[in-house]
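Commentary on secondary and tertiary structure
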Amino acid sequence: MKNIGISNEYNIVKAYNGKKFKELNSFQKEFMKELFSSLDDESVITASKFTKTAKPDIYLSCGNQIKFISIKSGKTDSVHFEKIKDFILFLRKNGISKETQKTLLLFHYGDGTLTGSGKIRKPFNELIVDLKDKIEKANLELNSSFIIEKTFYRACIDGNEYRSNSVDYFYYGDEKYGVYVSKEKLLSFILRKRHYTYYSPHIGPMTIQPYLRDVNYKSKNTFKRDYLQIKWHYFLADIERAKLYNR
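Source: prediction; values computed, not measured.

Quick notes on the rules
Counting restarts for each chain, with residues numbered from 1 along the sequence as it is written. Per-residue local features are limited, in this predicted model, to residues with pLDDT of at least 70; the limit for side-chain atom pairs, both in listing and counting, is 80 or more; totals at the level of whole chains, interfaces and linings are taken over all residues. Hydrogens and water are ignored here; the side-chain numbers use all heavy atoms of the structure. Numbering goes from the N terminus for both helices and strands, where a helix is a DSSP run of H or I of at least four residues and a strand is a run of E of at least two. Each residue is placed in one exposure class: buried if its accessible area under a 1.4 Å probe, protein chains only, is under 20% of its type's maximum, exposed if it is over 50%, and partly exposed if it falls in between. It only takes one pair of heavy atoms within 4.5 Å for two residues to be counted as in contact. Note on areas: these come from Shrake-Rupley sampling with a 1.4 Å probe, and a residue is covered only by the protein chains present in the view. None of His or the chain ends enter the tally, which takes Lys and Arg as positive and Asp and Glu as negative. All charge positions are set by atom: Lys at NZ, Arg at CZ, Asp at CG, Glu at CD. Paired strands, in this sense, are two strands between which DSSP finds at least two bridges. For salt bridges, the criterion is a side-chain nitrogen of Lys or Arg within 4 Å of an Asp or Glu carboxyl oxygen. Here the nonpolar core consists of buried residues drawn from Ala, Val, Leu, Ile, Met, Phe, Trp, Tyr and Cys, with membership extended through side-chain atoms lying within 4.5 Å. Residues forming no salt bridge and having over 30% relative accessible area are the ones grouped into patches, like charges within 9 Å of each other and nonpolar side chains (Val, Leu, Ile, Met, Phe, Trp, Tyr) within 5 Å. Centre distance within 6.5 Å is the pairing criterion for rings of Phe, Tyr and Trp, where only the six-membered ring of Trp is used; planes under 30 degrees apart are then read as stacked, over 60 as edge-to-face, and the remainder as tilted.

Per the secondary structure count, the protein chain includes 9 helices and 9 strands. Principal axes of the C-alpha set define a box for the protein chain whose edges measure 65 × 40 × 30 Å. Residues classed as buried in the protein chain amount to 48% of the 247 residues present. By sequence separation, contacts in the protein chain at least 24 residues apart represent 65% of the contacts at least 6 residues apart. Surface accessibility of the protein chain: about 13700 Å² in total, with carbon and sulfur atoms responsible for 51%. Looking at charge distribution, the protein chain has the averaged site of its 43 positive side-chain charges lying 3 Å from that of its 29 negative ones.

What follows is the structure, given as structure tokens:
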């Protein structure tokens with residue numbers, strides 16, 4: 001099955017790689033001026049797709065400058081996957097209380113245990129009621145500026161494996177047109193925006209949920225129950241607002 005997102009990334013690479021600045025369309029020129037400080041009509045752009053797992057999807061370079069870009073498109077709102085235990089350790093290292101750690105594990109597994117060993121697994125609509133008070137208390141702790149920034153870098157910029165290349169810019173669109181923002185401007189925006197409307201566990205605009213809760217025991221991929229996913233439901237809107245906010 002064709003992965004539309006990956007195809008889009010290759011199309012973007014093809015649109016820029018080896019092109020002179022004067023050969024780009026008006027939007028592409030605007031984007032390049034944002035990325036690179038020194039350009040003229042004869043400047044040549046180099047682009048390539050990352051083939052290994054990394055937060056950046058592509059890089060763009062010109063002269064001695066290089067920028068790493070995270071590409072988003074379509075309706076996909078997942079920004080990060082990792083083992084729930086690793087994420088809990090990350091939160092613990094950054095001062096999150098044992099009570100909040102336990103709340104996240106109870107919500108993640110949904111079976112009344114911290115390990116996923118319970119027999120009866122509850123769906124989201126029941127958990128959100130049963131754990132309402134615990135989740136509200138956890139969200140108060142999880143939404144400090146310090147934890148939002150730390151999680152933003154882990155989920156969107158560096159990843160949990162801390163590879164050598166991290167994201168400089170976010171880009172939502174295709175090879176012809178898109179919306180873009182630097183990591184600094186997006187972080188500045190989300191630190192000032194309030195996120196009171198989320199009832200599930202969240203850190204800023206990033207909601208925390210299991211990759212697979214498997215309430216009815218139907219999945220053959222049981223290992224996925226030990227993974228969480230972080231979603232950013234209004235990512236495109238936040239990029240657009242971040243650009244306006246910083247102006």
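Our focus in this paragraph is the sheet that holds strand β8 (residues 206-210). If you trace the 4 strands from one edge of the open sheet to the other, you get β4-β9-β8-β7, paired in antiparallel fashion. Two strands lie at the open edges of the sheet, namely β4 (78-83) and β7 (202-203), each paired on one side alone. Note that β7 and β8 share 2 bridges and pair antiparallel. Note on β8: the bridge partner recorded for Ile203 is Met206.

Bringing the pattern of salt bridges into the picture now. Two side chains bearing opposite charge may form a pair once their charged atoms approach each other closely. As enumerated under the stated definition, the model contains 12 salt bridges in all. Across the salt bridge formed by Glu9 and Lys49, the nearest N and O atoms sit 2.9 Å from each other. Of this pair, Glu9 sits in helix α1 (residues 4-16) while Lys49 sits in strand β1 (residues 46-49), placing them 40 residues apart in sequence. For Glu9, a relative accessible area of 8% translates into the label buried.

The next point concerns the environment of Thr76. Following the sequence through the fold, Thr76 ends up in the loop between β3 (65-72) and β4. On the basis of relative accessibility, which here comes to 61%, the residue Thr76 falls in the exposed class. For the pair Thr76 and Gly5, spaced 71 residues apart in sequence, the C-alpha separation works out to 9.0 Å.

What follows concerns the nonpolar core. Ranked by internal contacts, the top residues of the largest apolar core, which has 37 residues, are Leu91, Phe152, Cys156, Phe170, Leu186, Ile203 and Trp232. Looking at this core element by element, the count peaks at 6 residues for helix α7 (residues 145-158). When neighbours within four sequence positions are excluded, Cys156 is seen to be in contact with Lys55, Val79, Thr151, Val167, Phe170, Met206 and Trp232. Ala15, Leu35, Ile45 and Tyr169 belong to the second largest nonpolar core, which has 21 residues in total.

Here helix α8 (residues 183-192) lies mainly inside the structure; 7 of its 10 residues are buried. By the burial criterion, the buried members of α8 are Lys183, Leu186, Leu187, Ser188, Phe189, Ile190 and Leu191.

With that settled, consider a positive patch on the surface. Taken together, the side chains of Arg92, Lys98, Lys102 and Lys134 define a basic patch exposed on the protein surface. Position of Lys98 relative to the elements: it lies in helix α4 (residues 98-109). What makes Lys98 exposed here is its relative accessible area of 67%.

What follows concerns the packing of aromatic side chains. Tallied over the entire structure, the rule returns 19 aromatic pairs. Ring centres of Phe152 and Phe170 lie 6.1 Å apart, and the angle between their planes is 50°; this geometry places the pair in the tilted category. With a gap of 18 residues between them, Phe152 in helix α7 and Phe170 in strand β5 (residues 169-173) connect regions that are remote in the sequence. Owing to a relative accessible area of 0%, Phe152 belongs among the buried residues under this scheme. The exposure class assigned to Phe170 is buried, which follows from its relative accessible area of 1%. Measuring from ring centre to ring centre gives 6.3 Å for Phe152 and Trp232, while their planes differ by 70°; the resulting arrangement is edge-to-face.

A separate point is the pairing of strand β9 (residues 227-232). For β9, a buried count of 5 out of 6 residues is recorded, marking the element as mostly surrounded by other parts of the structure. Where β4 lies against β9, 5 bridges are found, and the strand directions are antiparallel. Across the sheet, His80 pairs through a bridge with Ile230, a residue of β9.

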